[in-house]
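Chain by chain, the residues run as shown.
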Amino acid sequence: MSTALRLILRWLATVLVVLVVFWQLDQARIWEVLRTISPLILVPVAVLTFVQVAVSAWRWRFTLSRLRLSLPLAQAIREYYLATFLNQILPGGVVGDVNRAWRSGLETGQRLIAVHGVAIERLSGQVILALVVAISLTGLMVSGAMQIPVARTHSHQLGLWIAAGLVAVFLIVWFVRSGGRVAAYASTLARHMRLALWQWPAFPLQLLSSCLVLASYLAVFLVLAVSAGFVTGAGDLLLWAALGSFLLLSMVIPVTIAGWGVREGAAAVLWPMAGLPAEQGVAISVGYGVVVLISSLPGLVVLVRKPGISR
């Protein structure tokens, strides 16, 4: 199967998932919410996205500098915009980052360090996101703002545990048989993570920059919610910010294009758990996907003007 055909099929699958979510809900209500969102929000969203890309590019540049690689900030911003755009149109949501690592490695000749630089930089953001989601979930459950349904245990779940155990055994056997190669790589990766993520002053700088990046993501989400009239006070702001963090986490799952479908499906489940109409969450989720795609278009300019390795 050709790459183009696989991409088309992935897009079709993504559209199908979104349509299934729409089919299960009140479509008229979803469109009603979308119509209340003013196109003028694209202005603050563009500003927030630039801040997001600039801080993310700085974080990437800082990570590489800890690994003894230099990268001009302007180039890092261009490459990050390109990666953001590619992540919006290609499957998995990580192809842009893979391309960013490949271009950096090809230019510097340090491919392993380039890959680790991108991986550690993204890991820094994901750790903060997971922490915020855990805090948000705990806060919502303690306050009673969200009710988590308790799943009953069924006998067929034993098969899932057995399958998980077999996968774990396979990974252990593979690791042991791979011997020194895997151990050497793991040692190198651990050393790079220690240098770029855990050692002083890397840790507080990584923490601060990742918090700023996550805040910009959530701010885009909240701009949509405010525009639709769903946020009128501090309580609403905290609730929608918490729900937004859950949607961001759902988009990490590399199944569809840019999280489409997975994000809307998560919204359809989460919003009723918080006592809100599912249509509100799905509509804001769709709006989020649209404005993020539009705000990533500077990456298309980078792709057209500098298709090769920038020097």
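If you're wondering where the values come from, they're calculated on a predicted model, not measured in any experiment.

Engineer: Would you take a moment to explain the overall build of the protein chain for this structure?
Structural biologist: Regarding its fold elements, the protein chain presents 13 helices and 0 strands. In the protein chain, the order of α-helices and β-strands from amino to carboxyl end is α-α-α-α-α-α-α-α-α-α-α-α-α. Considering the protein chain as a whole, with its 311 residues, one finds that 41% of them fall into the buried category. Put simply, 74% of the contacts in the protein chain that link residues at least 6 apart link residues at least 24 apart. Counting only carbon and sulfur atoms, one obtains 73% of the accessible surface of the protein chain, whose full area is about 16600 Å².

Engineer: Would you explain unusual backbone geometry in this entry?
Structural biologist: Peptide bonds are mostly trans, and most non-glycine residues show a negative phi. Tryptophan 200 connects to proline 201 through a cis peptide bond whose omega is 0°. With respect to the helices, strands and loops of the structure, proline 201 is situated in the loop between helix H8 (180-198) and helix H9 (202-227). A positive phi is found at arginine 68, a non-glycine position, where the angle reads about 70°. Within the secondary structure, arginine 68 is located in the loop between helix H3 (42-66) and helix H4 (73-89). Residue class for arginine 68 comes out exposed when judged on its relative accessible area of 68%. Unlike most non-glycine residues, alanine 258 shows phi in positive territory, near 55°.

Engineer: Is there a simple way to explain the nonpolar core in this structure?
Structural biologist: The nonpolar side chains of soluble globular proteins are, as a tendency, buried together. Core analysis: the largest hydrophobic core is formed by 50 residues, its most contacted members being Met146, Trp240, Leu243, Leu270, Trp271, Val282 and Ile284. Residues contacting leucine 243, with those up to four places away along its chain left out, are Met146, Leu270, Trp271, Ala274 and Leu276. Among the nonpolar cores identified, the runner-up in size contains 19 residues, and Ala57, Ala76, Tyr80 and Ile120 belong to it.

Engineer: Honestly, the packing of H4 against helix H12 (residues 278-295) in this entry has me stumped. Any pointers?
Structural biologist: Helix-helix packing is characterised by the crossing angle of the two axes and by the distance between the axes. Orientation of H4 relative to H12, taken along the N-to-C sense of each, is 140°, at an axis distance of 9 Å. Between H4 and H12, the angle is such that the two are oblique. Here H4 runs over H12; the crossing is left-handed. Counted together, Tyr81, Gln88 and Ile89 of H4 and Gly289, Val292, Leu293 and Ser295 of H12 form the full contact between these two elements. By residue class, the composition of the contact of H4 with H12 is 4 nonpolar, 3 polar and no charged.

Engineer: Whenever I open this one, the layout of surface pockets confuses me. Can you help?
Structural biologist: Considering only enclosed or pocket space, the largest pocket measures out at about 700 Å³ in volume. Along the walls of the largest pocket sit 33 residues, with Gly93, Arg122, Gln126, Tyr217 and Met251 positioned nearest its centre. Of the residues belonging to the lining of the largest pocket, the class tally is 16 nonpolar, 14 polar and 3 charged. Top element by residues in the lining of the second largest pocket is H12. It accounts for 5 residues. Of the residues in the lining of the second largest pocket, the class split is 10 nonpolar, 2 polar and no charged.

Engineer: For this particular structure, what's the right way to read a nonpolar patch on the surface?
Structural biologist: Where nonpolar side chains cluster on the molecular surface, the patch consists of Leu42, Val290, Ile294, Leu297, Leu300, Leu303 and Val304 and spans about 520 Å² of accessible area. Contributions of two or more residues to the nonpolar patch are made by H12 and helix H13 (298-305). Its place among the elements puts leucine 297 in the loop between H12 and H13.

Engineer: Looking at this structure, I do not really get the packing of aromatic side chains. What am I missing?
Structural biologist: Describing an aromatic ring pair means giving the distance of the ring centres and the angle of the ring planes. A full pass over the atoms with the stated rule returns 9 aromatic pairs. On the basis of an interplanar angle of 65° and a centroid distance of 6.3 Å, the ring pair of phenylalanine 221 and tryptophan 271 is categorised as edge-to-face. Of this pair, phenylalanine 221 sits in helix H9 while tryptophan 271 sits in helix H11 (residues 262-273), and the two are 50 residues apart along the sequence. Here the two residues phenylalanine 221 and tryptophan 271 agree in accessibility, since each one is buried. Taken together, the ring pairs connect Phe221, Phe230, Trp240, Trp271 and Tyr288 into an aromatic cluster. Sitting over the face of the ring of tryptophan 60, arginine 100 holds its NZ or CZ atom 4.6 Å from the ring centroid. Sitting over the face of the ring of tryptophan 260, arginine 263 holds its NZ or CZ atom 4.6 Å from the ring centroid.

Engineer: Any chance you could explain empty space enclosed by the protein here in plain terms?
Structural biologist: Empty space left among the atoms is revealed by rolling a probe the size of a water molecule over them. Under the criterion given, the structure shown has 1 cavity of 30 Å³ or more. If you add up the space inside the largest cavity, you get close to 30 Å³. Lining the largest cavity are Gln52, Val53, Ser56, Tyr80, Thr84 and Tyr217. Elements with a contribution of two residues or more to the lining of the largest cavity: H3 and H4. At 3 residues, the largest contribution of residues to the lining of the largest cavity is made by H3. Here the lining of the largest cavity is built from residues that sort into 3 nonpolar, 3 polar and no charged.

What counts, and where the lines are drawn
- Residues numbered from 1 in each chain as written.
- Predicted model: local features only at pLDDT ≥ 70, side-chain atom pairs only at ≥ 80, totals over all residues.
- Heavy atoms only, no water.
- Helix = DSSP H or I, 4+ residues; strand = E, 2+ residues; numbered from the N terminus.
- Buried < 20%, exposed > 50% of the residue type's maximum accessible area, 1.4 Å probe, protein only.
- Contact = heavy atoms within 4.5 Å.
- Areas by Shrake-Rupley, 256 points an atom, 1.4 Å probe, with all protein chains shown as cover.
- Core = buried A, V, L, I, M, F, W, Y, C linked by side-chain atoms within 4.5 Å.
- Axes fitted to C-alpha atoms, helices over the stretch in contact; angles between N-to-C directions.
- Parallel < 35°, antiparallel > 145°, perpendicular 65-115°, else oblique.
- Left-handed = near helix turned anticlockwise from the far one by under 90°.
- Nonpolar A, V, L, I, M, F, W, Y, C, P; charged D, E, K, R; others polar.
- 1 Å grid on protein atoms, 1.4 Å probe; cavity = no way out; pocket = protein on both sides within 12 Å on 5 of 7 lines; lining within 4 Å.
- Points joined across faces, edges and corners; volume = space filled by probe spheres on them.
- Patch = residues over 30% accessible without salt bridge, like charges linked within 9 Å, V, L, I, M, F, W, Y side chains within 5 Å.
- Salt bridge = Lys/Arg side-chain N within 4 Å of Asp/Glu carboxyl O.
- Phe/Tyr/Trp six-rings, centres within 6.5 Å; stacked < 30°, edge-to-face > 60°.
- Lys NZ or Arg CZ within 6 Å of the ring centre and 35° of its normal.

Without other data, these values stay purely geometric and don't point to any function.
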